[in-house]
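Each chain is listed here by its residues.
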Amino acid sequence: MAFMEKPPAGKVLLDDTVPLTAQIEASQSLHSHTIVRRYSDFDLLNNSLQISSLSLPLPPKKLIGNMEREFIAERQKGLQAYLDVITSHHILSNCELVKKFLDPNSYSVNYTEIALQHVSMFFRSEPKWEVVEPLKDIGWRIRKKYFLMKIKNQPKERLMLSWADLGPDKYLSDKDLHICHLKLTYSFFFFESSALVIRPFNEKGTLKDLIYKARPKDPFLKKYCNPKKIQGLELQQIKTYGRQILEVLKFLHEKGFPYGHLHSANVVLDGDTCKLLDLENSLLGLPSFYRSYFSQFRKINTLEGIDVHCFGHLLYEMTYGRPPDTIPVDSFPPAPSMSVVSVLESILTCEAMKNGMPTVSRLLQMPLFSDVLLTNSEKPQFKIPTKLKEALKTSKECIEKRLTEEQKSIHQHRRLTRAQSHHGSEEEKKKRKILARKKSKRSAYESAEEHSAKYSNSNNSAGSGASSPLTSPSSPTPPSTAGKLKSHYNVCSVLFVLPSVFNHRNCIVPKDD
């Protein structure tokens, strides 16, 4: 497909990783009830999110006096704080419950039902497989569902089936996808607007399950939002797993195979050997788990750079047993070795993200990984035909182009936000008041001078009877700054939220039901 060619039909254009923000603008009463969201809606959402074991700051109920003005104002502040906590939490903000609450029009579909329909149709044509049980909400993606399976003539062997919609970064043609299917080592089937993957099920779970001491079949929110015990891996494990993962990334980069989906839940352990999952994600156009982070930094604009950034998140999790609180990271807690901190600083600090991060090859040369001996000398076999290489290269360019455009929009949005914040600051308000007073005094002075000139002109005309014109002695009015001020105000007083990058939802503060 040509670089500027229209993307193929059938894929989902909405990027579910784009953060949603919510601002409560006002309260409104109608027949003794306030709209659009009642308190019971917030309460229902909060109860649904209790599976995360997080302590969320939902304001308590009030049965008497819940329509008083002071109470409504306090409730608005409390609910805004509640929404801010949810939308700023990386896992919660990406979950289906929150997306449907804030953006019901975009997330009104029952994706589980759609997945079941596709899986049922698939089994009618492939009768050798059988569903054991659905694996409800074990992943973070809204449009991806999982099922535990078995082969009928091998009932003890367990497989995992995943179904997913084609995402906004799907640029490969159906023919190219079919070739990729033949090259992958697991079963991969695609339809007009979705794809289905079958691979062995790892009973021990992923590397993330190992770190968080979680049960693989539990829901994603329950496993990873608030782990009971926070403990990183041993130093040797960090070194070995990190080296193995970097070697795989290097291999994929050399083959021209885009990945961009590295995180601890996409790594499984086969003994002491790490294996990466979901290689098909970039082929299907699915957005990355960490996209909301790296889209903020214009230097991270290639899939290789994305893999390095994601590796930084993974290394932090392996080291400290939890994700970083913020990105970029200002300071790092004590680590098993300073060599770990050195690698983290080269990836996750503000300086690294603005000035450039190391390549995968450079990371392999750093002291943390350079002395690790890999016991498995068997090299993976992954041959890609020349035509497919060209298609993958074009797809990679399109993915990076969309990211660059998104980063540009985010940068413009930040500039507008800073300008609006500056214009609304107390200091700027004082400056505008002073300018307004000066303008008022100048106008009064000019008006008085004009009146004096007219009076003098009238007296001179009456006294002399001369008909010659009289030129006013007053000097030209100095150029006013009012025009500049007005222009600045017009630019800054309105913040245009960019719908292609930021989804902004307004809520009405509710009363208790």
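Scroll up to find the structure.
Not measured: the values here are computed from a predicted model. (Residues numbered from 1 in each chain as written. Predicted model: local features only at pLDDT ≥ 70, side-chain atom pairs only at ≥ 80, totals over all residues. Heavy atoms only, no water.)

Quick look at the overall build of the chain now. Within the chain, the secondary structure is distributed over 19 helices and 11 strands. Across the 513 residues in the chain, those meeting the buried criterion constitute 45%. Look at the contacts in the chain between residues 6 or more apart in sequence, and 71% of them connect residues 24 or more apart. When the accessible surface of the chain is summed, it comes to about 27,800 Å², and 53% of that surface belongs to carbon and sulfur atoms. (Helix = DSSP H or I, 4+ residues; strand = E, 2+ residues; numbered from the N terminus. Buried < 20%, exposed > 50% of the residue type's maximum accessible area, 1.4 Å probe, protein only. Contact = heavy atoms within 4.5 Å. Areas by Shrake-Rupley, 256 points an atom, 1.4 Å probe, with all protein chains shown as cover.)

Relative to each other, helix H12 (residues 303-320) and helix H13 (residues 338-348) sit at 145 degrees, their axes nearing to 9 Å. Between H12 and H13 lies a crossing of left-handed hand. Side by side, H12 and H13 meet where Val308, His309, Phe311, Gly312, His313, Leu315, Tyr316, Thr319 and Tyr320 of the first sit next to Val340, Val341, Val343, Leu344, Ile347 and Leu348 of the second. Split by residue class, the contact of H12 with H13 holds 11 nonpolar, 4 polar and no charged. (Axes fitted to C-alpha atoms, helices over the stretch in contact; angles between N-to-C directions. Left-handed = near helix turned anticlockwise from the far one by under 90°. Nonpolar A, V, L, I, M, F, W, Y, C, P; charged D, E, K, R; others polar.)

The gaps of empty space that remain are located by a probe, the size of a water molecule, rolled over the atoms. Put simply, the second largest pocket is a space of about 880 Å³. Ser88, His89, His90, Tyr293 and Asp325 are the residues nearest the centre of the second largest pocket, which is lined by 37 residues in total. If you list the elements that add at least two residues to the lining of the second largest pocket, you get strand S1 (20-27), helix H2 (69-88), helix H3 (90-93), helix H7 (207-212), helix H11 (291-294) and H12. In terms of residue count, the dominant contributor to the lining of the second largest pocket is H3 (3 residues). Its residues placed into classes, the lining of the second largest pocket shows 18 nonpolar, 13 polar and 6 charged. The residues that make up the lining of the second largest pocket include at least three from each of domain 1 (22-107 + 506-511) and domain 3 (207-384). (1 Å grid on protein atoms, 1.4 Å probe; cavity = no way out; pocket = protein on both sides within 12 Å on 5 of 7 lines; lining within 4 Å. Points joined across faces, edges and corners; volume = space filled by probe spheres on them. Domains from an automatic or database assignment.)

Pairing within the open sheet is antiparallel, and its 5 strands lie in the order S4-S5-S6-S8-S7. Two strands bound the open sheet, and with one partner strand each, they are strand S4 (129-135) and strand S7 (187-190). Sheet twist, expressed as the average angle between the axes of neighbouring strands with direction ignored, equals 25 degrees. Two elements, strand S6 (residues 154-165) and strand S8 (residues 194-200), share 7 bridges in a ladder whose sense is antiparallel. Paired with aspartate 165 across the two strands is serine 194, which belongs to S8. Strand contacts of helix H5 (residues 111-125): S4, strand S5 (144-151), S6, S7 and S8, with the helix running at about 30 degrees to S5, the strand carrying the most contacts. (Pairing = 2+ DSSP bridges.)

A cluster of basic residues, Lys354, Arg414, Arg415 and Arg418, forms a positive patch at the surface. It is helix H17 (residues 386-423) that contributes the most residues to the positive patch, 3 residues altogether. Inspection of the secondary structure puts arginine 415 in helix H17. The exposure class of arginine 415 is exposed, given its relative accessible area of 54%. (Patch = residues over 30% accessible without salt bridge, like charges linked within 9 Å, V, L, I, M, F, W, Y side chains within 5 Å. Salt bridge = Lys/Arg side-chain N within 4 Å of Asp/Glu carboxyl O. Lys, Arg positive; Asp, Glu negative; His and termini not counted. Charge placed at Lys NZ, Arg CZ, Asp CG, Glu CD.)

Here we come to the side chain of arginine 199. Tracing the chain through its elements places arginine 199 in strand S8. A relative accessible area of 7% means that arginine 199 is categorised as buried. Polar contacts involving the side chain of arginine 199 include one to the side chain of glutamate 280, which spans 3.2 Å. (Polar contact = N/O pair within 3.5 Å; in protein donor to acceptor, adjacent residues only side chain to side chain.)

What follows is about the pattern of salt bridges. Note on pairing: side chains with opposite charge can pair once their charged atoms come close. Per the counting criterion, the structure on display carries 25 salt bridges. Residue lysine 208 is joined to glutamate 317 by a salt bridge in which the shortest nitrogen-to-oxygen separation is 2.5 Å. Remark: glutamate 317 occurs in helix H12 and lysine 208 occurs in helix H7; sequence separation between them is 109 residues. A residue is classified by how much of its surface remains accessible, and lysine 208, at 4% relative accessible area, is buried.

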